[in-house]
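Chains, contacts and geometry: an overview
In case you want the letters, here they are:
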Amino acid sequence: MNLFDTHCHLDFSGYDEDRDAVIQRAFEAGVRQILIPGVDFASLERTRPLVQVYDHLVMAVGIHPNSTADWTDANLEKLRQAAADPKVVAIGEIGLDYYWDESPKEMQRRAFEAQLTLAAELELPVIIHNRDASEEVLPILESWVRTLPESLKERPGVLHSFSAPSEYADRALAAGFYLGFTGRVTYKKADELRSIAARVPKDRILIETDGPFLPPHPHRGKRNEPAYVALVAERIAGLHLMDSDTFAELSTANGQRLFRLERDSI
């Protein structure tokens with residue numbers, strides 16, 4: 001099996017005691033690439049040595065909306081410098097989060113729009129975090145994509161851990177975005193999410209764990225890890241009437257295309 005976990009926070013402390021074993025289990029489960037998103041500058045410093053040790057790990061740099069309370073535009077230069085690392089394949093995760101009250105909405109929007117501008121400048125796709133903020137996230141993205149260089153028009157980014165209503169899926173797809181699905185798609189009451197996943201064009205689907213969060217059934221209540229992305233692939237493969245191996249290849253190719261990774265690079 002050839003799987004790509006396109007979003008896992010392997011730098012988080014939940015993996016400190018057995019990170020190497022987690023990575024080995026992922027490889028044994030068929031996971032051939034893992035993308036570690038950034039959430040702040042501390043996560044950048046934790047992730048940078050990891051991606052140097054493991055060839056099949058890549059990273060994104062960005063300030064998560066819940067980390068934007070002290071945002072200043074000076075952060076952009078730090079991110080620009082960090083993005084020069086050849087292991088950096090995206091800007092993210094960035095966006096808006098109106099569920100938690102960690103940062104004022106105005107500051108979140110300022111940081112979000114500034115990082116979108118940086119992504120366009122650097123010609124890097126974006127990894128979008130959206131929680132309870134679809135009515136603002138989608139218009140911002142729809143406006144942004146109209147300004148993109150040709151190199152990004154077909155691969156502006158991904159709405160990760162997608163869970164918004166179907167109308168927002170349609171708008172994101174129309175704007176050129178990919179949709180990322182996590183273990184949520186395996187949950188008993190996730191019929192609406194499964195119906196969205198079933199009709200997303202096959203060339204726009206990504207799979208992810210968002211580990212250590214959102215473990216798929218039957219691992220709910222436990223720590224998530226990249227090996228479990230196989231369960232996400234299996235569930236979505238069934239929705240598209242495909243076998244798991246074929247869907248794994250397809251979704252991996254999607255991720256490699258979005259993030260401009262060489263096929264069979266590891």
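To keep things clear, this report deals only with the structure shown in the data block. Counting restarts for each chain, with residues numbered from 1 along the sequence as it is written. For this predicted model, a pLDDT threshold of at least 70 governs which residues receive local features, and a threshold of 80 or more governs which side-chain atom pairs are given and counted, while totals over whole chains, interfaces and linings are taken from all residues. For the side-chain quantities, the full set of heavy atoms in the structure was used; hydrogens and water were omitted.

1. Considering the side chain of Ser43
Applicable threshold: For the purposes of this entry, the term helix denotes a DSSP run of H or I that reaches at least four residues, the term strand denotes a run of E that reaches at least two, and both are numbered from the N terminus. The buried label applies to any residue whose accessible area, calculated with a 1.4 Å probe on protein chains only, is under 20% of its type's maximum; exposed applies above 50%, and partly exposed to all values in between. Every residue pair with non-hydrogen atoms within 4.5 Å of one another is taken to be in contact.
Of note, Ser43 is situated in helix α2 (residues 41–53). Taking the relative accessible area as the measure of exposure, Ser43 reaches 0% and is therefore buried. Those residues in contact with Ser43 that lie beyond four places of it in its chain are Asp11 and Gly38.

2. So, the nonpolar core
Which entries qualify depends on this criterion: For this analysis, a nonpolar core means a set of buried residues of the types Ala, Val, Leu, Ile, Met, Phe, Trp, Tyr and Cys, connected via side-chain atoms within 4.5 Å.
Counting 75 residues, the largest nonpolar core has Leu10, Ile128, Trp144, Phe177 and Phe181 as its most contacted members. If one sorts the elements of this core by residue count, helix α4 (residues 105–122) sits on top with 7 residues. Once you skip the residues sitting within four places of it in the chain, Phe181 turns out to touch Phe162, Leu193, Ile196, Ala197, Val200, Ile205, Leu206, Ile207, Glu208, Val232 and Ile236. Leu35, Leu206, Leu258 and Phe259 belong to the second-largest nonpolar core, a separate cluster that totals 13 residues.

3. A short note on unusual backbone geometry
In terms of backbone geometry, most residues other than glycine have negative phi values and most peptide bonds are trans. In this chain, Gly92 is followed by Glu93 through a cis amide linkage whose omega measures 10°. Looking at the secondary structure, you find Glu93 in strand β4 (residues 88–97). Between His217 and Pro218 the backbone carries a cis peptide bond, its omega angle lying at 10°. Within the secondary structure, Pro218 is located in the loop between β8 (205–207) and α9 (229–239). In this model, Asp210 sits at a positive phi of 60°, which is unusual for a non-glycine residue. Turning to its location among the elements, Asp210 is positioned in the loop between β8 and α9. Its identity as a non-glycine residue notwithstanding, Leu214 has a phi of 50°, on the positive side.

4. Considering the pairing of β4
Filter applied, for reference: In this scheme, strands are said to pair when DSSP sees at least two bridges between them.
For β4, the tally of buried residues reaches 10 of 10 residues, placing the bulk of the element in the interior. Direction of pairing for strand β3 (residues 57–61) relative to β4: parallel, over a ladder of 3 bridges. When the bridges of β4 are listed, Met59 appears paired with Val88. Here β4 runs beside strand β5 (residues 126–131); their pairing, made up of 6 bridges, is parallel. When the bridges of β5 are listed, Leu96 appears paired with Asn130.

5. Thoughts on the packing of helix α7 (residues 166–174) against helix α8 (residues 191–199)
Two measures define how a pair of helices packs: the angle their axes make with one another and the distance between the axes. How we decide: Lines fitted to C-alpha atoms define the axes, with helix axes restricted to the stretch in contact, and inter-axis angles between N-to-C directions lie between 0 and 180 degrees. Each angle gets one of four labels, with under 35 degrees taken as roughly parallel, over 145 as roughly antiparallel, 65 to 115 as roughly perpendicular, and the rest as oblique. Handedness of a crossing is defined here by the sense of rotation of the near helix relative to the far one, left-handed for an anticlockwise turn of less than a right angle and right-handed for a clockwise turn. Gly falls in the polar group here, along with every residue not listed as nonpolar (Ala, Val, Leu, Ile, Met, Phe, Trp, Tyr, Cys, Pro) or charged (Asp, Glu, Lys, Arg).
Between α7 and α8, the least distance of the axes is 10 Å, while the angle of their chain directions is 25°. For the element pair α7 / α8, the angle class is roughly parallel. In the packing of α7 onto α8, the handedness of the crossing is right-handed. Taken together, the residues of α8 that come into contact with α7 (itself represented by Ser166, Ala169 and Asp170) are Glu192, Ile196 and Arg199. For the contact of α7 with α8, the residue count by class is 2 nonpolar, 1 polar and 3 charged.

6. Details of the packing of aromatic side chains
Condition: Each pair of aromatic rings taken from Phe, Tyr and Trp, with Trp reduced to its six-membered ring, is defined by centres within 6.5 Å and is described as stacked if the planes are under 30 degrees apart, edge-to-face if over 60, and tilted in the remaining cases. Two thresholds decide whether a charge sits over a ring: the Lys NZ or Arg CZ must be within 6 Å of the ring centre and within 35 degrees of the ring normal.
By the definition in use, this model includes 5 aromatic pairs. Residues Tyr99 and Trp100 carry aromatic rings whose centres are separated by 4.9 Å and whose planes lie at 90° to one another, so their mutual orientation is edge-to-face. Among the residues examined, Trp100 registers a relative accessible area of 45% and is labelled partly exposed. Its end group placed over the ring of Phe27, Arg32 keeps NZ or CZ at 4.1 Å from the ring centre. Sitting over the ring of Tyr187, Arg220 keeps its end group 3.6 Å from the ring centre.

7. Considerations on helix α3 (residues 74–82)
Rules: An arc is given here, and it is the one of the directions from the helix axis to the C-beta atoms.
Within α3, burial applies to Asn75, Leu76, Leu79 and Ala82. Angular distribution of buried residues about the axis of α3 spans 125°; they occupy a single face of the element. Buried residues belonging to α3 abut α2, β3, β4 and α4.

Honestly, it's all geometry; don't read function into it.
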